Every structure is written in structure tokens, then in C-alpha cells.
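Descriptive structure summary
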Amino acid sequence: MERKMSYGNISRQSGRRYQLMLRRKRFRFLIICAAVVAVIAVVVGISVSSVKNGQTEQEEASADAVPAATPKPAPQIPPASEQNNLLKIAEDAAGREGKACYLTFDDGPTNTVTPAILDVLKQYNVKATFFMLGNMIEKNKDIARRVYDEGHLLANHTYSHDYKALYATGESFIGEVEKTEGLIREVTGEEPFKLVRFPGGSYNAGDHAAEKQKYKTLLQEKGYYYVDWNALNGDAESSSRTAEQLLARMKETAGKDHIVVLMHDAAAKKSTAQALPSIIEYLKSAGYEFYRLDQIKYYETVEEEDKPASMIM
Ligand SMILES: [Zn+2]
């Protein structure tokens, strides 16, 4: 009896255990089902919302898009072999909506003024072009590297800036340009945009005017653009300009729709960095957008048949 009873107890106990196990299994199964349903719901939800987003993006894009009948070609400036005066290219840039400003800084990099200018440009999310001297790159490679890392264009202002040595012969001029190009290549690890600014400008006046005109052709033969300026802050006109005076000079000279602005990041030009926030704010309020000089949006919009007969060769 005792045995039977104990057997009976055992079988009753194991029966209960079995039912408990079944219940647990069912419960686990329900949990897994619920989890699977939840995952499916999330996945479907995400894909539906991304399709919706895609649709609105497409709709917005197509609302802004140029009609299919008149597609704009990719912005591409003429090759230097055709036209190597980049100021002329910027001023002629057709098809651009609005006003364009190219801020340029010459004679650096320096470990005093260049970082201050970079801080301001970063604060306003403005990209600019730095015409660097080879001998200054050698002294401040880390600063030159920072200019590059922060998305600005490194361009060529020759090696020495010493007019007498630089402009002495075609060989001395091209030699300084190529030496500086090598230093820019070393800093950026990239093939440089071939752009030179003549120390003192390329104008056909003053000292070395005749040589400069010949060197423009030399540059063209070697695939370089050169660029002067059509606006400035006047920081080279006197050594003691205040930030207020620089802003006033900027306002005075920013007349055209496309402006290439001459400024300097040489060690003595501290007020250039001080004036830069107010200059950027002024130019923004005047409707300018900022670009690097290798970002000119140039569209060849004049069709052959639209040109006057005299222009067709
Ligand atoms: Zn200079």
C-alpha cells in the first residue's frame, strides 16, 4: 500500500509537473510569437516611413528641379589653355543664381593670424582660398595642413614674394611657382589646383609689368590659372588699419555680383582676423554666398546658333 500510494503520489506529482511544463512551453511560445510580431511591425513601419520620406524628397526635388527640356550642364570652367585669367572666368560665370564671394588670404600661412582666421571661417561655415608662400609653408606646415583639413583651397603665391628675384627671369618665376606647388602637394597629399596669384597683382602697370604679361603666357603653357581681385578690405594699404576701417573699405569695394576679395593672413594683419566676422556678416546680408576659387559655377549657356555671326569662326 505504502508503495502504491507512493507510486500514486509520484505519478500525480509528475502529472502536475508535466502540465506545468506544458503551460511554460505555451507561455514561451506566446512570448516568442509576440516578439516576432513586434519585430515585423517595427520593420514594416520603418520601410513605410522611408518610402514616404523618399516620396516627399523626390516631390520636393522635382518641384525645385529645372525643367527637363533645358538641363544645365555640369559647372565646368574653361581649361587654362583657353582662358587662364580666373578673375575673368569668375566675373563671366553665367547661369549662377545670386551673388558669389570668393574670400582670399595672401602671404601666409602664419602661426598667429592664420589660426584666428580659420576659427572665424569655421564659426561661419565659410570656405576660402589661401594664397600661400612656399617659404611660409616650410615654416608653418602644421598650419598649412590645418587650412587643408578644414576644407579651404591652398593656392600658389610663389616661394619668396621678393619681386626682384621672383620676376627676374621666366625661369626664376616658374621655378618659384613649381617649388611652392611641390610644397602644397606635400602638405595635402593631392595634386594641387593650378592657381597662382602674382605678388603685387598681374596688372600691366608699375614695376615688372612687362615681365608679368610674359609670365601669364608661361603659366598658361604650363596649365596654370592666375587670379587678381575686384574687391578688398584694404589691409595692405596701410599697416595700421582698424577692424572698422577694414569693414568700411570692404563695403566700399564690394560692388559686383561676383567678387574676389583680397585680404592677408601675414603675421602683422591681426585686424584682418578681427574684422572678419563683421565682413562675413555684411557680405551675407548683401546676399553673397561663399565659395573657394576652384568652385566657380560656370555654365556655358551661349549656344552656337545664339552667338552673333561675327563670333562664329
Ligand atoms: Zn602677397
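Residues numbered from 1 in each chain as written. Predicted model: local features only at pLDDT ≥ 70, side-chain atom pairs only at ≥ 80, totals over all residues. Heavy atoms only, no water.

- The chain appears in an unreviewed UniProt entry as Polysaccharide deacetylase from Ructibacterium gallinarum.

**Re the coordination of the zinc ion**
- The coordination sphere of the zinc ion, as far as protein atoms go, consists of Asp 107 (OD), His 157 (NE2) and His 161 (NE2), spread over 2.1 to 2.2 Å.
- Each donor residue of the zinc ion belongs to the same chain, and together they define the spacing D-x49-H-x3-H. Of this pair, Asp 107 sits in the loop between strand E1 (99-106) and helix H3 (113-123) while His 161 sits in the loop between strand E3 (153-156) and helix H6 (163-166), and the two are 54 residues apart along the sequence.
- Judged by its relative accessible area of 17%, Asp 107 falls in the buried class. (Donors = N, O, S within 2.8 Å, 3.2 Å for Na, K, Ca; no water. Helix = DSSP H or I, 4+ residues; strand = E, 2+ residues; numbered from the N terminus. Buried < 20%, exposed > 50% of the residue type's maximum accessible area, 1.4 Å probe, protein only.)

**Some points on the environment of Thr 253**
- Looking at where Thr 253 falls in the secondary structure, it is placed in helix H9 (residues 243-253).
- Owing to a relative accessible area of 19%, Thr 253 belongs among the buried residues under this scheme.
- In sequence terms Thr 253 and Ala 231 are 22 residues apart; their C-alpha atoms lie 5.0 Å from each other.
- Thr 253 has contacts with Asn 230, Ala 231 and Leu 232, leaving out every residue within four places of it along the chain.
- Within the structure, Thr 253 has its side chain in polar contact with the backbone oxygen of Leu 232 (distance 2.9 Å). (Contact = heavy atoms within 4.5 Å. Polar contact = N/O pair within 3.5 Å; in protein donor to acceptor, adjacent residues only side chain to side chain.)

**Considering the pairing of strand E2 (residues 129-132)**
- On E2, burial covers both faces: Thr 129 and Phe 131 on one face and Phe 130 and Met 132 on the other are all buried.
- Regarding the hand of the β-α-β motif, the stretch spanning E1, H3 and E2 is right-handed.
- Sheet topology places E2 next to E3; four bridges connect them, and they run parallel. Looking across to E3, one finds that Phe 130 is bridged to Leu 154. (Right-handed = clockwise from strand over helix to strand, strands pointing away. Pairing = 2+ DSSP bridges.)

**Some points on the packing of aromatic side chains**
- One pass over the structure, following the stated rule, counts 11 aromatic pairs.
- Both rings, one in Tyr 102 and one in Tyr 291, keep their centres 6.3 Å apart while their planes meet at 40 degrees; by these two values the pair is tilted. Residue Tyr 102 is found in strand E1, and its partner Tyr 291 is found in the segment after strand E8 (288-290); the two are separated by 189 residues along the sequence. As far as the burial class goes, Tyr 102 and Tyr 291 line up, both buried.
- On the basis of an interplanar angle of 25 degrees and a centroid distance of 5.1 Å, the ring pair of Phe 105 and Phe 130 is categorised as stacked. A residue pair is termed long-range when its members are at least 10 positions apart, and Phe 105 in strand E1 and Phe 130 in strand E2 qualify at 25 residues.
- Assessed through its relative accessible area of 1%, Phe 130 is described here as buried.
- Over the ring of Tyr 159 we find Lys 179, and its NZ or CZ is 4.0 Å from the ring centre.
- Across from the ring centre of Tyr 224, 4.5 Å away, lies the NZ or CZ of Lys 194, which sits over that ring. (Phe/Tyr/Trp six-rings, centres within 6.5 Å; stacked < 30°, edge-to-face > 60°. Lys NZ or Arg CZ within 6 Å of the ring centre and 35° of its normal.)

**Considerations on the nonpolar core**
- Grouped together as the largest cluster of nonpolar side chains are 38 residues, with contacts concentrated most on Leu 103, Leu 121 and Leu 283.
- Looking at this core element by element, the count peaks at six residues for helix H10 (residues 270-285).
- For Leu 283, the residues in contact, after removing those within four places along its chain, are Cys 101, Leu 103, Met 250, Ala 254, Ile 259, Tyr 288 and Phe 290.
- Grouped together as the second largest cluster of nonpolar side chains are 23 residues, Ile 89, Tyr 225, Val 227 and Tyr 291 included. (Core = buried A, V, L, I, M, F, W, Y, C linked by side-chain atoms within 4.5 Å.)

**Points about the pattern of salt bridges**
- Taken as a whole and assessed by the stated rule, the structure comprises 16 salt bridges.
- For Arg 146, the salt bridge is made with Asp 119, and the minimal N-O distance between the two is 2.6 Å. Taken together, the positions of Arg 146 in helix H5 (residues 141-149) and Asp 119 in helix H3 put the pair 27 residues apart, joining distant regions of the chain.
- With a relative accessible area of 43%, Asp 119 lands in the partly exposed category.
- Residue Arg 185 is joined to Glu 191 by a salt bridge in which the shortest nitrogen-to-oxygen separation is 3.0 Å.
- It is possible to trace a salt-bridge network through shared partners that takes in Asp 119, Lys 122, Arg 146 and Glu 150. (Salt bridge = Lys/Arg side-chain N within 4 Å of Asp/Glu carboxyl O.)

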